[in-house]
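Residues per chain, in single letters:
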Amino acid sequence: MNAPTESACLWQPPLSGLELFEATLFSQQFGKHFHAAYTIGVNEGGLGRCLLRGDNQHHYPGSLKLLNPGEVHTGQAVSADTGWSFRNIYIDLAAIERALAQFDYARPGMPYFKETIVWEPALRSRFYELFQALTLPSSPLQQQSLLLELLAQIFLRGDPSWVDFHIPGAESKAVAVVRAYLEAHHAERVTLDELARLVNLSPYYLIRSFRQQVGCPPHQYQQQWQLLQAKQALQRPDSIAAIAIAHGFYDQSHLTRAFKQAFGVTPGQYQKVNSVQDR
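Residues numbered from 1 in each chain as written. Predicted model: local features only at pLDDT ≥ 70, side-chain atom pairs only at ≥ 80, totals over all residues. Heavy atoms only, no water.

Concerning the side chain of serine 63
- When you line up the elements, serine 63 lands in the loop between β6 (55-59) and β7 (64-67).
- At a separation of 2.6 Å, a polar atom in the side chain of serine 63 contacts the main-chain carbonyl oxygen of tyrosine 60.
- Among all residues touching serine 63, those that are not within four sequence positions of it are Gly41, Val42, Asn43, Ile117, Val118 and Trp119. (Helix = DSSP H or I, 4+ residues; strand = E, 2+ residues; numbered from the N terminus. Polar contact = N/O pair within 3.5 Å; in protein donor to acceptor, adjacent residues only side chain to side chain. Contact = heavy atoms within 4.5 Å.)

What follows is the structure, given as structure tokens:
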């Protein structure tokens, strides 16, 4: 008997600030990672599982998943026999801010998903309308209108038990400083002692504080930031090996392993679909 065939594709539609992902997975597992964008997804078949906010959460067919930017999570099919199929729309912060500015009234702060797995058939229908419009030939007016309608249904008319508007509480100063430093020096060989001296904390206490507030230790945060920067660079038809070195990876193979574990596709697959020259 042949092994089940996995498929995954991650690409940018014409509408600015969005990214689409669809996959059918059997053995592929996503390690701890995060996205710089909001994630709105629909689970289509099989059963998925992710570690998020310290708990194992299950993605049932027909349910929606809602993730905030920066939330560390994993992902995999519960059963390699039945697999897990899903679609995601990633919406960056600038696109969310543009949409919020076009609503009839403003609410303080940025949207925050309190619940990550929700059952909302009407919202699921809206999701599919937008996903189809972004995938098939359609006018910018249609795409923009459907995006606004989806976000309005989520943020403005959503059930207050699973979505809220709030101004996130400030991180502890030390963790905020370390995060900013890791982002600014993402391609460098930063040491734990260097970070500890930066904020005048013991290395072990820094790791525990960072993990508690961010969801992963500093070294994983730095690698995820490296991946996000490399993903942006892959939108140009440059050498993948050169991109890997420029963003702190040892070589192309190192980038490829980490990229697929985080995003479900290889750098080559992503670049082929998303490079500016190809589009």
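Still to come is the rest of the account.
Describing the pattern of salt bridges
- Within the structure shown, the criterion is met by six salt bridges.
- The shortest N-O distance in the salt bridge between arginine 126 and glutamate 149 comes to 2.7 Å. Of this pair, arginine 126 sits in helix α2 (residues 121-135) while glutamate 149 sits in helix α3 (residues 140-156), placing them 23 residues apart in sequence.
- Accessibility expressed as a relative area gives 33% for glutamate 149, which makes it partly exposed.
- A salt bridge links aspartate 238 to arginine 236; the nearest nitrogen and oxygen atoms lie 3.2 Å apart.
- Take aspartate 238: its relative accessible area is 34%, and that puts it in the partly exposed class. (Salt bridge = Lys/Arg side-chain N within 4 Å of Asp/Glu carboxyl O. Buried < 20%, exposed > 50% of the residue type's maximum accessible area, 1.4 Å probe, protein only.)

Details of the packing of aromatic side chains
- All chains considered together, the criterion is met by 14 aromatic pairs.
- Ring geometry for tyrosine 38 against phenylalanine 155: centres 6.3 Å apart, planes inclined by 65°, an arrangement best described as edge-to-face. Of this pair, tyrosine 38 sits in strand β4 (residues 38-46) while phenylalanine 155 sits in helix α3, and the two are 117 residues apart along the sequence. The two residues tyrosine 38 and phenylalanine 155 agree in class, both being buried.
- Through a chain of ring-to-ring contacts, three or more aromatic side chains come together here, namely Trp11, Phe127, Tyr128 and Phe131.
- Lying across the ring of tryptophan 119, arginine 124 places its NZ or CZ 5.0 Å from the centre.
- A cation over a ring is seen here: lysine 231 above phenylalanine 263, with NZ or CZ 5.2 Å from the ring centre. (Phe/Tyr/Trp six-rings, centres within 6.5 Å; stacked < 30°, edge-to-face > 60°. Lys NZ or Arg CZ within 6 Å of the ring centre and 35° of its normal.)

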